[in-house]
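# Inside the fold
Listed below are the residues making up each chain.
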Amino acid sequence: MTGLTPLSRATQVLSKLPSLSGLDARTLDALARAAVPQHYEAGQVIYLEGEPATAVFVLESGWVKATRMSPDGREQALSILKPMDIFGDIGVFSGSPYPGTVVALEAVDVWTIDGGALRDLVARYPQLASAVIRHLARRVLYFIELVEDLSLRSVEARLANTLLRNAQTVEGKLIVPRRQWTTFDEMATRLGTVRDVLSRSLHTLEDERLLKIERHQIVLLDPEGLAQRGNPS
């Protein structure tokens, strides 16, 4: 997007959001005019759990994680967010503080939209209101599935499902890329467990020839077998 004005760049980014598909040009332009670009380096905190929810964020590039801290001090991942994801919206539309902490896992570019300005736009543009409702409904379903995962599935089952959801086909192999920040500690946080338990689960699945752990990727050797391991029964 080199050479584009900030408004043109914002319009291009927002037009690619699945949650905003179908917006007419007038609504999209109004939303783009409210968007402000920001950059964060790896490890920077974008906002903290409990802070006033003042803005919604659209992730243009890079990955971030949203977490909550348990009473005993353990970090639980709410979600790992990738480009074209939206975050900060739950706090803004519920009128409550941010429900979790969001940290950049690598260098990221985001577009911020002031919460008050966004609520005004939603009131003025019915198409945007419908898009926001659909997006928030999907978020509710995601958290229902997260609760189901944590309460009904073992670590091995959660691991199998996560690997299958994030797999991609490269040169005829089904793989899950391991980004620079994809350490065992990060993976354990994402699955709601600890490093030692995750490591045992990974090596159990590897011993059963369901997957192969490599330095920069995890190769899924038996997707059907992994799918069976992901069944809560």
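My aim in this report is to walk through the structure given alongside it, one point at a time. (Residues numbered from 1 in each chain as written. Predicted model: local features only at pLDDT ≥ 70, side-chain atom pairs only at ≥ 80, totals over all residues. Heavy atoms only, no water.)

Turning our attention to the packing of aromatic side chains. What characterises a pair of aromatic rings is the spacing of the ring centres plus the angle enclosed by the ring planes. If you walk through the whole model with that rule in mind, you get five aromatic pairs. When the ring of tyrosine 47 is compared with that of tyrosine 98, the centres are 3.6 Å apart and the planes differ by 10°; the resulting orientation is stacked. Residue tyrosine 47 is found in strand 2 (residues 45–47), and its partner tyrosine 98 is found in the loop between helix 3 (89–94) and strand 7 (101–104); the two are separated by 51 residues along the sequence. Residue tyrosine 98 is classed as buried on the basis of its relative accessible area, which comes to 4%. Members of the aromatic cluster, connected to one another through ring pairs, are Tyr47, Phe57, Phe87 and Tyr98. (Phe/Tyr/Trp six-rings, centres within 6.5 Å; stacked < 30°, edge-to-face > 60°. Helix = DSSP H or I, 4+ residues; strand = E, 2+ residues; numbered from the N terminus. Buried < 20%, exposed > 50% of the residue type's maximum accessible area, 1.4 Å probe, protein only.)

Looking now at the sheet that holds strand 5 (residues 75–81). Reading across from one edge, 2-7-4-5 is the order of the four strands in this open sheet, with antiparallel pairing throughout. Looking along the sheet, the strands with just one partner apiece sit at the ends: strand 2 and strand 5. Across the sheet, the mean angle from the axis of one strand to that of its neighbour is 30°, orientation sign disregarded. Two strands pair when backbone bridges link them, and strand 2 and strand 7 are joined in this way by two bridges, in the antiparallel orientation. The partner of valine 45 across the bridge, within strand 7, is valine 103. (Pairing = 2+ DSSP bridges. Axes fitted to C-alpha atoms, helices over the stretch in contact; angles between N-to-C directions.)

A word on the pattern of salt bridges. This structure, assessed with the given rule, holds 10 salt bridges. One salt bridge connects aspartate 85 with lysine 82, and the closest N-O pair in it is separated by 3.9 Å. Residue lysine 82 is classed as partly exposed on the basis of its relative accessible area, which comes to 42%. Between glutamate 148 and arginine 153 there is a salt bridge; the shortest N-O distance is 3.9 Å. The class of glutamate 148 is partly exposed, set by a relative accessible area of 31%. (Salt bridge = Lys/Arg side-chain N within 4 Å of Asp/Glu carboxyl O.)

Ranked by internal contacts, the top residues of the largest apolar core, which has 42 residues, are Ile46, Phe57, Phe87 and Leu128. Ranked by residue count, the leading element in this core is strand 3 (residues 55–61), at five residues. Apart from residues lying up to four places away in sequence, phenylalanine 57 is in contact with Gln38, Tyr40, Ile46, Tyr47, Asp85, Ile86, Phe87, Tyr98, Val110, Trp111 and Thr112. With 17 residues, the next largest nonpolar core counts Val176, Leu198, Leu202 and Leu220 among its residues. (Core = buried A, V, L, I, M, F, W, Y, C linked by side-chain atoms within 4.5 Å. Contact = heavy atoms within 4.5 Å.)

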